[in-house]
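These are the residues of each chain, in order.
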Amino acid sequence: MKASALQELLSGYSNAELDHLRAAARIRHFPAGTWLCREGDPASSCFFIATGAVEMVKFIDGEEHVLATLRPGTLVGQTGLVEDSLRSASVRAQSATTALEIKRRAFQRFVQQGSPLAQHFQEQIAIAGIRQLRTAADQLGLVLAQAVRPSGKQPATVDRRALAFIQAGTGEWDLPLDRAVGAPPAAKKRAS
Amino acid sequence: MTSVIRAVKVFESLSDAECAELVRFMRIRQYEAGATIFECGKPGDSMLVVAEGALSVVMPGPRRGNIEVARVGVAEVVGEMSCIVPTPRCATMLAAVRTTAYEFGRKELATMRLQAPAVATAIVSAVIRSVALRLRRVDERIERELAGHLAARLPELRQATRISARTPSRRSRTRSVPEPTEPTEPDAWTALLGRLRGSA
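First, a word on what this report is: a plain description of the structure on this page. (Residues numbered from 1 in each chain as written. Chains lettered and ligands numbered in written order. Predicted model: local features only at pLDDT ≥ 70, side-chain atom pairs only at ≥ 80, totals over all residues. Heavy atoms only, no water.)

**Structural notes on the overall build of chain B**
Within chain B, the secondary structure is distributed over six helices and 11 strands. Looking at chain B as a whole, 48% of its 200 residues qualify as buried. The contacts in chain B between residues at least 6 apart in sequence include a share of 71% that link residues at least 24 apart. Surface exposure of chain B reaches about 10100 Å², of which carbon and sulfur atoms provide 52%. (Helix = DSSP H or I, 4+ residues; strand = E, 2+ residues; numbered from the N terminus. Buried < 20%, exposed > 50% of the residue type's maximum accessible area, 1.4 Å probe, protein only. Contact = heavy atoms within 4.5 Å. Areas by Shrake-Rupley, 256 points an atom, 1.4 Å probe, with all protein chains shown as cover.)

**With respect to the side chain of Thr121 of chain B**
Mapped onto the secondary structure, Thr121 of chain B falls in helix H4 (residues 117-147). Apart from residues lying up to four places away in sequence, Thr121 of chain B is in contact with Val111, Gly114, Gln119 and Gln122 of chain A.

**Some thoughts on the sheet that holds strand S10 (residues 99-105) of chain B**
All names here are of chain B. Strand order in the open sheet formed by four strands is S1-S10-S4-S7, with antiparallel pairing between adjacent strands. At either end of the open sheet lies a strand with only one pairing partner, and these are strand S1 (27-31) and strand S7 (77-78). Pairing analysis gives six bridges linking strand S4 (residues 46-52) to S10, with the strands arranged antiparallel. Looking at S10, one finds that Ser46 is bridged to Gly105. Along the sheet, helix H3 (residues 106-115) contacts S1 and S10; its crossing angle with S10, the most-contacted strand, is approximately 55°. (Pairing = 2+ DSSP bridges. Axes fitted to C-alpha atoms, helices over the stretch in contact; angles between N-to-C directions.)

**Looking at the nonpolar core**
Phe121 of chain A together with Phe11, Ile84 and Phe104 of chain B are the most contacted members of the largest nonpolar core, which has 72 residues in total. Broken down by element, the residue count for this core peaks at 13 residues, all from H4 of chain B. Look past the residues within four positions of Phe104 of chain B in its chain and what remains in contact with it is Leu22, Phe25, Met26, Ser46, Met47, Cys83, Leu109, Met112 and Ile123 of chain B. Listed in part, the 17 residues of the second largest apolar core include Ile37, Val50, Val57 and Met93 of chain B. (Core = buried A, V, L, I, M, F, W, Y, C linked by side-chain atoms within 4.5 Å.)

**Looking at the side chain of Glu108 of chain B**
Structurally, the position occupied by Glu108 of chain B is in helix H3. In this structure Glu108 of chain B touches Phe25 and Arg27 of chain B, once residues within four positions along its chain are discounted.

**Observations concerning the environment of Ser88 of chain A**
Mapping Ser88 of chain A onto the fold places it in the loop between strand S8 (85-86) and strand S9 (90-93). Taking C-alpha positions, Ser88 of chain A is 9.6 Å from Pro42 of chain A, a pair spaced 46 residues apart along the chain. Apart from residues lying up to four places away in sequence, Ser88 of chain A is in contact with Glu39 and Lys58 of chain A together with Asp139 of chain B.

**Some thoughts on unusual backbone geometry**
Most of the time, phi is negative for any residue but glycine, and the peptide bond is trans. Phi angles above zero are rare outside glycine, and Ala75 of chain B is one such case at about 70°. Classification of Ala75 of chain B by relative accessible area gives buried; the value is 14%.

**Observations concerning helix H3 (residues 104-112) of chain A**
Residues and elements named next belong to chain A. Taken as a whole, H3 has its buried residues at Arg104, Ala106, Phe107, Phe110 and Val111. Taken down its axis, H3 places every buried residue within 160° of arc, on the same side. Among the exposed residues of H3, those pointing more than 90 degrees away from its buried face are Arg105, Arg109 and Gln112. A positive phi of about 65° marks Gly114, the residue just after H3. (Arc of directions from axis to C-beta.)

**A short note on the sheet that holds strand S10 (residues 97-103) of chain A**
All names here are of chain A. Spatial strand order, S1-S10-S4-S7: four strands in an open sheet with antiparallel pairing. Strands with a single pairing partner mark the edges of an open sheet, and in this sheet they are strand S1 (25-30) and strand S7 (75-76). For S1 and S10, the ladder comprises six bridges, and the chain directions are antiparallel. By the bridge assignment for S10, Arg26 is matched with Glu101. Against the sheet, H3 makes contact with strand S4 (45-51) and S10, and its axis sits at roughly 70° relative to S10, the strand it touches most.

**Here's the deal with the environment of Gly129 of chain A**
Its location among the elements puts Gly129 of chain A in helix H4 (residues 116-148). With relative accessibility at 8%, the residue Gly129 of chain A sits in the buried group. Between the alpha carbons of Gly129 of chain A and Ser90 of chain A there is a distance of 17 Å; along the sequence they are 39 residues apart. Among all residues touching Gly129 of chain A, those that are not within four sequence positions of it are Gln78 of chain A together with Val131 of chain B.

Take a look at the structure:
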């Protein structure tokens, strides 16, 4: 089995820690074209991609959209470790893929041990979530930029500020997103 | 101090003892009204919890000066993700009035990991939950936009957001898709651990 990303992640940790992780996670193999998880399914685990590659897929109006291709070393579906939710997208093996699947309850037990490996894993999950949030905020900014400007034109100054508000608000601070429709109210007042 | 931390929504999952431990690692900061706390684009690796007063999030105005776009009040937190992933601050923050805040940074988190690992783990868990909640809100918002009046403009959006699209017919319908293999973790784990332990 090729497991270079996993080996890289796990090298340097003690045998006892590796045994704890072994109890918390399964190594799974997915032939090309098979699904790791499907949009709308209950989410209760995340996948660390060890070898191969996976595609994140969404169906919009019956049409398939590949949102991203993810390589070894990537975590997918980490929200499933945090809360009861439904998968927001499907994940499919683009090529033969090996993944470490970690279930929520097992992960919680693993993290509660507070070992360096558990802390490292938890930090990686946090980092993956934060990156995903920032990417999503940027995507939302682009979507709204298209919504507020006439086709082919640059957004107006006030709109650019609104987009900056969205990206700042979601990227770092928990500002209410509903205020980010077009321009923020304060900006509208001053601009008029 | 602990009562303020106890009231912070992000930390609602922490126990009283964990809140008290977090306080032990925090630094008290005091700012005069109008003082710049974070500057847009400058590196940031700490969070602030407002204990007294308020912070003002500002952005450049259309001509000159700043426009306030949000306020952060008592028991609200800013920059909690920066403790885990240091990043340039994405907006400027000023003290709206004379303000006292508690600061907790990446350095303190690293110390806490060694001295109080269970509390450090609980704090990172709390940040992960907060990130997951925000992510869901952003995803829902994107869903609403895409499902609504923007649906008609998908081809244009695809180009702008570099989302590739294809119909299922080009792939799924023409290919027999194998089923995932049954988990083979005992063998896979044995091989992996053999390699790791062999190279240790």
